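Fold and contact review
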Amino acid sequence: MTDNKWAKYRPATQAIRSGFSATNEQEHSEPIFATSSFIFDSAQQAADRFSYTEEGNIYSRFTNPTVQRFEQRLATLEGGESCVATASGMAAITALCMGLLSAGDHVLCSNGLFGTTKLLFTNILARFSINFDFVDLNDYSAWEAKVQKNTRFIYFETPTNPLTEMVDIQKLSDVVKAVNPNTLIAVDNCFCTPMLQLPLKHGADIVIHSATKYLDGQGRCIGGAIVGDKENIGEKVYSVLRTSGPCMSPFNAWVFLKGMETLDVRMKQSCFNAQVFADWLVQQSQVKKVFFPGLASHPQHHLLGVQQSLPGAIVSFELKGGKEAAWKLIDKTALFSITSNLGDTRSTITHPSTTTHGRWSEEDRQHVGIRQGLIRTSIGLEDVTDLIEDLHF
Ligand SMILES: *Cc1c(COP(=O)(O)O)cnc(C)c1O
């Protein structure tokens, strides 16, 4: 599915041009193919399409031209062979697991994960005799010790949600593959997007996206994707999509295609705003700690410019006054949207321990450092001075 013609171009160009091919109507912008099925010239052609002896559209659960354009564009950007689009980021993770895992398999994950991802693993997939283990993201010896013969893949985010912890993907990949060369490396690249980080270039095998976030960029649609090689993603995961049906709608694919065209400028400007915002936050006496890769005090700051080009736009901070101070600050904002979404042009503010990570046990939250005074912001494209003036401690 890789659109090789576009591989030679730089990301900003790929995000705008790749995956596009005009129909006979010669349109200049992607059309939305709002059709559930496609017609065949003959009974023979229908049979050939269904048996894959002829390539072409069949039914929009698994072949839709607008969705395919989105898949091609994201595969090009991530530098992957194949991409499968899904109804949501969570559907992408579920499809990945259903495509690659069988009962008795083992998956090793980092402790700091998107809240729902961890619940999917421990509360749902564990019921199907898949074994999940969790280790601290930067504890390389724990990863090394826990990789088993049946560890099908490892799964992590860098930077993590909400504490922006980063990990050296190549180093972790080397450590894991030295123990089991068959273990695949899966990275949730939602916080960076391919504009800031290309996990496949740093030893990863699979990239997961919640397109809901920066790929859309304006908080309109839910969607997700899995990028990787042809055998695992283009065939095994794709066949799960074809058969079980968590597909992306053509309308959403079109929104994401349009969103990706501005991804490069949006990422650059929101990272710039986030840096100004974080630099201001560290000077505030009510703030105990700021979590942001762009600060020299961040423990993995050295990975900036090496693995990840810009710091991202998620800024989390802990207030000295605990939950009471956090809720008070959130309730006093007028500009920030109180919502759990992120990656929007609009800046958002949330209290992780009672929202995104509210279903975790307090013990699990404390273990990764999600304290009651923690606030997560996703810095958008408003004037950053207005955002700073919106915070009243
Ligand atoms: C939002 C998010 C998801 C889940 O994506 P949905 O599109 O909401 O299903 C997964 N991982 C991360 C890091 C996210 O932020």
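Relevant structure appears above.
So, here is what we can say about the structure in this document. Fair warning: this is a prediction, and the values are worked out from it, not measured in the lab.

Description of the overall build of the protein chain
When its secondary structure is counted, the protein chain shows 14 helices and twelve strands. For the protein chain, the C-alpha atoms occupy an extent of roughly 75 × 50 × 35 Å along the three principal directions. Residues counted as buried form 55% of the 393 residues belonging to the protein chain. Across the protein chain, every contact between residues at least 6 apart in sequence was considered, and the portion connecting residues at least 24 apart equals 73%. Working note: accessible area of the protein chain is about 16,500 Å², and carbon and sulfur atoms make up 52% of it. When the 35 positive and 41 negative side-chain charges of the protein chain are each reduced to one mean point, those points stand 1 Å apart.

Overview of the environment of N123
Note that N123 resides in helix α5 (residues 115-124). Accessibility expressed as a relative area gives 48% for N123, which makes it partly exposed. Here the alpha-carbon distance between N123 and A7, two residues 116 residues apart in the chain, equals 40 Å.

A short note on the packing of helix α3 (residues 65-78) against helix α10 (residues 250-260)
At a closest axis distance of 8 Å, the pairing of α3 and α10 adopts a crossing angle of 35°. Crossing of α3 against α10: the hand is left-handed. Contacts between α3 and α10 involve T66, V67, R69, F70, R73, L74 and L77 from the former and P250, A253, W254, F256, L257 and M260 from the latter. Its residues assigned to classes, the contact of α3 with α10 shows ten nonpolar, one polar and two charged.

Thoughts on the site of the ligand
Neighbouring residues of the ligand: S88, G89, M90, F114, E157, D188, C190, F191, S210, T212, K213 and G223. Measuring from an oxygen atom of the ligand, one finds a side-chain N or O atom of S210 at 2.8 Å. Between the ligand and the protein, one listed contact pairs an oxygen atom with a side-chain N or O atom of K213 at 2.7 Å. Taken by itself the ligand offers 380 Å² of open surface, and the protein chains cover 92% of this.

Observations concerning the pattern of salt bridges
In total, this model carries twelve salt bridges according to the counting rule given. Here D216 ties to R220 by a salt bridge, and the two come within 2.9 Å at their closest N and O atoms. Owing to a relative accessible area of 0%, D216 belongs among the buried residues under this scheme.

Some words on the nonpolar core
Ranked by size, the top nonpolar core spans 55 residues in total, and within it F70, F277, L281, V290, V315, F317 and L391 carry the most contacts. For this core, the element with the highest residue contribution is helix α11 (residues 263-281), accounting for eight residues. Apart from residues lying up to four places away in sequence, V290 is in contact with A278, L281, V282, L295, V315, S316 and F317. Judged by nonpolar contacts, the second largest core, of 32 residues, contains C109, F134, I208 and V240.

Here we look at the pairing of strand β12 (residues 374-378)
Look at any regular strand and the pattern is simple: side chains alternate between the two faces of the sheet. The element β12 is extensively covered by neighbouring structure, given that five of its five residues are classed as buried. The two faces of β12 match: L374, R376 and S378 on one face and I375 and T377 on the other face are all buried. Across five bridges, the pairing between strand β9 (residues 314-319) and β12 is antiparallel. If you follow S316 over to β12, its bridge partner there is R376.

Brief notes about the sheet that holds strand β7 (residues 224-228)
One open sheet accounts for seven strands, arranged β1-β7-β6-β5-β4-β2-β3; its pairing is mixed. Each of the sheet's edge strands pairs with one partner strand only, and the pair in question is β1 (82-86) and β3 (131-135). The average angle at which neighbouring strand axes cross in this sheet is 20°, direction not considered. Examined bridge by bridge, strand β6 (residues 206-210) and β7 share four bridges and lie antiparallel to one another. Within β7, the residue paired with V207 across the bridge is V227. Seen against the sheet, α5 touches β2 (106-110), β3 and β4 (151-157) and runs at an angle of roughly 140° to β3.

What about the side chain of T160?
Turning to its location among the elements, T160 is positioned in the loop between β4 and α7 (169-179). Leave out the neighbours within four places in its chain, and T160 touches G112, L137, E165 and F191.

Examining the packing of aromatic side chains
How two aromatic rings sit relative to each other is set out by the distance from centre to centre and by the angle between their planes. Evaluated as defined, the whole model comprises eleven aromatic pairs. Between Y59 and F62, the ring centres sit 6.4 Å apart and the planes meet at 55°, which makes this aromatic pair tilted. Centroid distance F121 to F132: 4.6 Å. Interplanar angle 10°. Geometry classified as stacked. Here F121, found in helix α5, pairs with F132, found in strand β3; they are eleven residues apart in sequence, far enough to count as distant. Ring pairs connect the aromatic residues F277, W280, F336 and F393, which therefore count as one cluster. Directly above the ring of W360 sits K118, whose terminal nitrogen or CZ lies 4.5 Å from the centroid. Between K323 and the ring centre of W327, over which it is positioned, the NZ or CZ distance is 4.4 Å.

Brief notes about the sheet that holds β9
An order of β8-β9-β12-β11-β10 is seen for the five strands of this open sheet, with the pairing classed as mixed. In the strand order of this sheet, the two ends are held by β8 (287-291) and β10 (337-338), each with one partner. In this sheet, strand β11 (residues 348-350) lies alongside β10 in parallel orientation, the contact comprising two bridges. Directly across from I338, in β11, lies its bridge partner I349. Helix α12 (residues 322-331) contacts β9, β10, β11 and β12 of the sheet and is inclined by roughly 130° relative to β9.

Conventions we followed
Residues numbered from 1 in each chain as written. Predicted model: local features only at pLDDT ≥ 70, side-chain atom pairs only at ≥ 80, totals over all residues. Heavy atoms only, no water. Helix = DSSP H or I, 4+ residues; strand = E, 2+ residues; numbered from the N terminus. Buried < 20%, exposed > 50% of the residue type's maximum accessible area, 1.4 Å probe, protein only. Contact = heavy atoms within 4.5 Å. Areas by Shrake-Rupley, 256 points an atom, 1.4 Å probe, with all protein chains shown as cover. Lys, Arg positive; Asp, Glu negative; His and termini not counted. Charge placed at Lys NZ, Arg CZ, Asp CG, Glu CD. Axes fitted to C-alpha atoms, helices over the stretch in contact; angles between N-to-C directions. Left-handed = near helix turned anticlockwise from the far one by under 90°. Nonpolar A, V, L, I, M, F, W, Y, C, P; charged D, E, K, R; others polar. Near = heavy atom within 4 Å. Polar contact = N/O pair within 3.5 Å; in protein donor to acceptor, adjacent residues only side chain to side chain. Salt bridge = Lys/Arg side-chain N within 4 Å of Asp/Glu carboxyl O. Core = buried A, V, L, I, M, F, W, Y, C linked by side-chain atoms within 4.5 Å. Pairing = 2+ DSSP bridges. Phe/Tyr/Trp six-rings, centres within 6.5 Å; stacked < 30°, edge-to-face > 60°. Lys NZ or Arg CZ within 6 Å of the ring centre and 35° of its normal.

Geometric values such as these leave the question of function open.
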